Amino acid sequence: MNVGQVGKVLGERWKALNAKQREPYEGKAKTDKERYESEKASYAVSSATPRNVVQQQLIVRDCPGGR
C-alpha cells in the first residue's frame, strides 16, 4: 500500500465517524493550534530583539558578496 492509498483509506474512515467520535480529535487539534499560535507569537517577538538585528547586520557585513 502506498502513501496515497493510505491517505485515501484514512480519509474514508474519518468521514465515516460521527460528530461524537470526532470530538476528542478535534479538541486536541484545537488545543494544539492554540499552543502553536502562542508559540509563534512569542517567537516573532523574540526574533525582533536588538541582538538578532545586530547578528543579521554582522552576517550581511561579513558576507563574501558584500550585499
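Provided above is the structure to which this section pertains.
Residues numbered from 1 in each chain as written. Predicted model: local features only at pLDDT ≥ 70, side-chain atom pairs only at ≥ 80, totals over all residues. Heavy atoms only, no water.

Caption draft 1: Structural context of the overall build of the protein. Along the backbone of the protein there are 3 helices and 0 strands. If you list the helices and strands of the protein from N to C, you get α-α-α. For the protein, the proportion of its 67 residues judged to be buried stands at 1%. (Helix = DSSP H or I, 4+ residues; strand = E, 2+ residues; numbered from the N terminus. Buried < 20%, exposed > 50% of the residue type's maximum accessible area, 1.4 Å probe, protein only.)

Caption draft 2: Spotlight on a nonpolar patch on the surface. A cluster of nonpolar side chains, contributed by Met1, Val6 and Leu10, occupies part of the molecular surface with about 330 Å² of accessible area. For Leu10, the position within the fold is in helix H1 (residues 3-16). (Patch = residues over 30% accessible without salt bridge, like charges linked within 9 Å, V, L, I, M, F, W, Y side chains within 5 Å. Areas by Shrake-Rupley, 256 points an atom, 1.4 Å probe, with all protein chains shown as cover. Salt bridge = Lys/Arg side-chain N within 4 Å of Asp/Glu carboxyl O.)

Caption draft 3: Examining H1 more closely. Spanning 14 residues, H1 covers 20 Å between terminal C-alpha atoms, matching the ideal 20 Å at 1.5 Å per step. Burial within H1 is sparse, with just 0 of its 14 residues counted as buried. For H1, the capping residue at the N-terminal end is Asn2, with a side-chain oxygen 3.0 Å from the backbone nitrogen of Gly4. (Expected span 1.5 Å × (residues − 1). Polar contact = N/O pair within 3.5 Å; in protein donor to acceptor, adjacent residues only side chain to side chain.)

Caption draft 4: View of the packing of aromatic side chains. One pass over the structure, following the stated rule, counts 1 aromatic pair. Between Trp14 and Tyr25, the aromatic rings sit 6.2 Å apart at their centres with planes inclined by 70°, giving edge-to-face as the arrangement. With a gap of 11 residues between them, Trp14 in helix H1 and Tyr25 in helix H2 (residues 19-46) connect regions that are remote in the sequence. (Phe/Tyr/Trp six-rings, centres within 6.5 Å; stacked < 30°, edge-to-face > 60°.)

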